Amino acid sequence: MRCLTPACSPSSERLAVLYPHLSNMLVTSSGIDHQLLNKRPRACLAYGGDKPLRYNRLNCRCNASSFAGRVADYASSNKTRNTGGAHQSMDDKVQRRLEIFHEGQDGPPLRILPIGGLGEIGMNCMLVGHYDRYILIDSGLMFPDYEDLGVQKILPDTGFIHRWRHKIEAVIITHGHEDHIGALPWVFPVLDPSTPIYATSFTMELIKRRLDEYAIKSDGRLKIFDMRTRFNAGPFEIESIRVTHSIPDCCGLILRCCDGTIFHTGDWKIDESPIDNKYFDRTALEQLSKEGVTLMMSDSTNVLSPGRTTSEADVAKALMHKVLSAKGRVITTQFASNVHRLGSIKLAAEASGRKLVFLGMSLRTYLDAAWRDGQAPFDPSILVKPEDMDLFAPKDLLIVTTGSQAEPRAALNLASFGNSRSLKLNKEDLVLYSAKVIPGNEIRVMKMMNRIAELGPNIAMGRAENLHTSGHAYRGELEEVIQLVKPQHFMPVHGEYAFLKEHERLGKDSGVRHTAVIKNGEMLGVAPLRNRKVLSSGFFPLGKEDLTLMYNDGDKAFGTAADLCIGERLRIALNGIIIVSMEVMRKEADKRHWQKGSDGPQNGLRGRVKITTRCLWVDRGKLLDALHKAATAALSSLPLDAALGLIEHTVGLALRKVVQKYSNRRPDVIVIASEASQSVRNPAVSQNGISIDEKRRTGSIQEKQVDAKWRSKQKQEPRSAFLKTQTSRGGNHPSFLKQNVKSKFHRAADEHTESRNGAKEEMTLSSPKERTVYNGSESDLLPETPNSLETVSTESLTEEVLRFTGSEVNMTTRSTRESSADAGLMEEKAMDDSVNSAKMSSPTIRRKWKSGEVLVLIEARKQEENNLQQGQGRKRIWKAVAEALAEAGFERTPDQCKTVWFSLVKRYKSSVEAVNNGAKNFSFYDAMHVALSGMEVVSNKKSKE
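The rules behind these values
- Residues numbered from 1 in each chain as written.
- Predicted model: local features only at pLDDT ≥ 70, side-chain atom pairs only at ≥ 80, totals over all residues.
- Heavy atoms only, no water.
- Core = buried A, V, L, I, M, F, W, Y, C linked by side-chain atoms within 4.5 Å.
- Buried < 20%, exposed > 50% of the residue type's maximum accessible area, 1.4 Å probe, protein only.
- Salt bridge = Lys/Arg side-chain N within 4 Å of Asp/Glu carboxyl O.
- Helix = DSSP H or I, 4+ residues; strand = E, 2+ residues; numbered from the N terminus.
- Pairing = 2+ DSSP bridges.
- Contact = heavy atoms within 4.5 Å.
- Axes fitted to C-alpha atoms, helices over the stretch in contact; angles between N-to-C directions.
- Parallel < 35°, antiparallel > 145°, perpendicular 65-115°, else oblique.
- Left-handed = near helix turned anticlockwise from the far one by under 90°.
- Expected span 1.5 Å × (residues − 1).
- Arc of directions from axis to C-beta.
- Polar contact = N/O pair within 3.5 Å; in protein donor to acceptor, adjacent residues only side chain to side chain.
- Patch = residues over 30% accessible without salt bridge, like charges linked within 9 Å, V, L, I, M, F, W, Y side chains within 5 Å.
- Areas by Shrake-Rupley, 256 points an atom, 1.4 Å probe, with all protein chains shown as cover.

The next thing to look at is the nonpolar core. Within the largest apolar cluster, 64 residues are counted, with the highest numbers of intra-cluster contacts made by Leu127, Ile207, Leu356 and Phe358. With 32 residues, the next largest nonpolar core counts Leu118, Ala170, Val517 and Phe539 among its residues.

Quick look at the structure:
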């Protein structure tokens, strides 16, 4: 065979290639194997079934010499080639990875390009063309899998459709299911403004409603066609034929042009006794077979199911039997689009004397569309409103609900949780599951049915009940139609890839010579049918486009998986996320301090680190501790002049390693580093350059002496004598503690401390998974233990306060206490501190409770117990306690007093057992014991009276 390229010399020995996957490839005159040619001029190739076929319509414009040079260059650059991956041969790689589409008037005239629906269930969308003129058959969506977190709809590549809008001359819709019309609100705007949409009348009602929901104007582009009526759309003369399905007005399409006829079945089954008496049109297929069919494309959903589908009339009989035999309320769930079954349910309701109720908007949507089109089985106005169900006895109701696939907001699913306002399930109910569980929904549907069973209703579901029949043909029906049409080429559509391959095998077994299975994005060409006696030349692979799935979250968000961060959502859900906020401190004063070697490293950074985790097991805070240590070590290992980007990278890498070693997870780590503001000082250095740790060691001698005196006196006197002594000193009011606890020096120190605290930031323990520490010195931040009466730490009472009030306890930075040697400088420092604090925009600090305040609080609350027993309100009681604290020199609100009091009570109760065992771990145990004992005496006395 001579080369088919007109530009090539007639004496050339180059021969056309049969198929890319054949091993015995012919060699050109230049000795180059055509199999190595991926970027070959497609006009130079002719494909045949078993032997080369001269294809005179090809009009190659290539130059022979330049062509040979390109072949040689490509061969030299591909001497070593890998296979296309596991279970994929080199030939398959060549066949699948064609560079570009075959466009223009060269090549086979009939061309198929699926955009969705092949290798998956849903998102049916296919381009069918004659040369470069195309029509779009269906525009459906696909529902997400469990991996597509936060997504409600998966849509075809609208960007590709927009790029090809000048080639798409019409859109033909086969029927009104969501997997065939659901993507129209996104596809419609990207088409050319003059591109019409064709559909049957019932389907068009659904399309109009869908476009109205998204405020899309049709502008006269919606066209209605009737069955068996021919009309022109794009390059084809189109005729629709009636097929039976689970929705009204479902049709198959016959596409005729001068170069052949294509038959697209749509979704179909053969129902021998349909509810609406509209039968599968076998006559049209017999006539089509006599014309000759170049290509047939058929639904493959149920190719693995042997036999034939049952009729919808059989389901109607089963429903009638179940409803008539039910004694209580009947609840049925089904696909909302199955209008035929709604008619069967209405007949069963009439036969049993029940009123019909719809729960779910989609049920009413399909019924209203059928009513407007004149195909509704009954008038929607006869339905009982959900809010009027209580006016009828349960035995007089038949309720139809949505939720057959356990959709989160569907009526039946909400009722299974007990959250539905309209439907409350009980033991007398009968639930009829008149639907099929869609693959992928099995787990959540069974969980819903388990919840319903726990509530008590009887459930009827399963194939044995005969309450559902599929709308897609079984194997026996598929084989019958193939043998009836007798196509020369057969290509299965609509199904998983395994379904498509099995359907292809069925086509070969039925006598079809040329069959093919392609994937989304692959263009397939079909050579023309010349006459009945001359066979076609077979399929012609024309290229592959890498299509991109589009996603919608049910609202405004629309875009690719990267735009909606689908992979990131799943990764965070599985591995968690860590967010780190760092304030890096490297001021000159701090550097000088570190060089002196007080606390910080000689050549490292310090800073305040806050770590928050989500979707991550923290092992009761142990992982957080490890993360803080790792962050601290990573930060201190960096030089003082390290850039913020380097700090973030280093800390993030360290934290990832910690989590991977701790729990074998790879969380996302987000580190946000910033330079510390001027108001934030090194936590280890006071304002005058003296180490805070040193000041803590010296402490306030006079305050410690007051506390020690109170404790020694408490041990020396019996509790009764102690009470008498205190009462004789101060009467019924706790102001006697004012002189003992608050010396003049003590008050001055408090005022100085408050002015110092005004310039510091408040540290908050917001959740068990969040913690704020200073680099290298967490103890510098946390307050002292309760064993030291120097300060009452609210951290020690955090757990009790959280349990009682449900709120959070703010953890403040430690108040700096001056030693006795610094007492003379307080007055001089106060003015400077007040000026500095005015310049700093830090939040207001909540002062910590000192030991003296707590003792006043305990005594005041004990004194007010008598007033409480006399009937005074609790708000008045806590107001009196706050006033008592104010007289003692402590400013506290009633709510603060109440919170700390109940924290003390909780702590006291938890310490009783430890005290009985000889260990005292609560500093205010004795005072609380005296107060609670006295309050119990008052309470008992009042009860006796």
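The subject of this paragraph is the pattern of salt bridges. Using the criterion set out here, one finds 35 salt bridges in the structure. Note that Arg133 and Glu169 form a salt bridge whose closest N and O atoms lie 2.7 Å from each other. Highlighted residues: Arg133 in strand S3 (residues 133-137) and Glu169 in strand S5 (residues 168-172), separated in sequence by 36 residues. Ionic pairing is found between Arg256 and Glu239, a salt bridge with its closest N-O pair at 2.9 Å. One end of the pair, Arg256, is in strand S10 (residues 251-257); the other, Glu239, is in strand S9 (residues 236-242), and 17 residues separate them in sequence. Taken individually, Arg256 and Glu239 each receive the classification buried, so the pair is uniform in this respect. What you see here is one network of salt bridges that share partners, running through Arg228, Arg230, Glu237, Glu239, Arg256, Asp281 and Glu291.

Think of a sheet as strands paired side by side through backbone hydrogen bonds, with each pair either parallel or antiparallel. Taken in spatial order, the three strands make up an open sheet running S4-S22-S23, and their pairing is antiparallel. The open sheet has two edge strands, strand S4 (153-155) and strand S23 (558-559), and neither has a second partner.

Here we take up the pairing of S9. Summarising burial for S9: five of the seven residues are buried, a large majority. Note: strand S8 (residues 230-233) against S9, four bridges, orientation antiparallel. The partner of Ala233 across the bridge, within S9, is Phe236. Turn length for the S8-S9 hairpin, with the two strands adjacent in sequence and antiparallel, is two residues, and the turn residue Gly234 shows positive phi of about 65 degrees. As judged from the six bridges shared by S9 and S10, these two strands associate in the antiparallel manner. Residue pairing in the sheet places Glu239 in a bridge with Ile254 of S10.

Moving on, we get to the sheet that holds S8. Here seven strands make up an open sheet; going across it, the order is S8-S9-S10-S11-S12-S18-S19 and the pairing mixed. What marks the edges here is a single partner per strand, and that holds for S8 and strand S19 (514-515). Note that strand S18 (residues 489-493) and S19 share two bridges and pair parallel. Pairing of His489 across the sheet is with His514, part of S19. In the packing of helix H14 (residues 497-509) onto the sheet, contacts are made with strand S12 (295-299), S18 and S19, and the angle to S18 comes to roughly 155 degrees.

A word on the packing of helix H13 (residues 475-485) against H14. Where H13 meets H14, the closest approach of the two axes is 10 Å, and the angle between their N-to-C directions is 45 degrees. Of the possible angle classes, the one that applies to H13 and H14 is oblique. The crossing of H13 and H14 is right-handed. When H13 is examined against H14, the residues Arg475, Leu478, Glu479 and Ile482 are found in contact with a partner set consisting of Glu502, His503, Arg505, Leu506 and Gly507.

We now examine helix H12 (residues 442-455). Taking 1.5 Å per residue as the helical rise, H12 with its 14 residues ought to reach 20 Å, and the 20 Å between its terminal C-alpha atoms agrees with that figure. Those residues of H12 lying buried are Val445, Met448, Met449, Arg451 and Ile452. Seen from one end, H12 has its buried residues packed into an arc of 155 degrees, which puts them on one side. In H12, those exposed residues whose orientation departs by more than 90 degrees from the buried face are Ile443 and Glu454. Turning to H12, the residues buried within the fold contact helix H11 (411-417), strand S16 (430-433) and strand S17 (458-460). Gly456 sits one or two residues past H12 and shows a positive phi near 115 degrees.

By secondary structure assignment, the location of Ser420 is in the loop between H11 and S16. Counting along the chain gives ten residues from Ser420 to Ala410, while the straight-line C-alpha distance between them is 9.2 Å. Within the structure, the side chain of Ser420 is placed 3.4 Å from the backbone nitrogen of Ser422, a separation counted as a polar contact.

Right, let's get into a nonpolar patch on the surface. Together, Ile579, Ile670 and Ile672 make up an exposed nonpolar region whose accessible area comes to about 240 Å². Along the chain, Ile579 turns up in strand S24 (residues 577-585). Given a relative accessible area of 35%, Ile579 falls into the partly exposed group.

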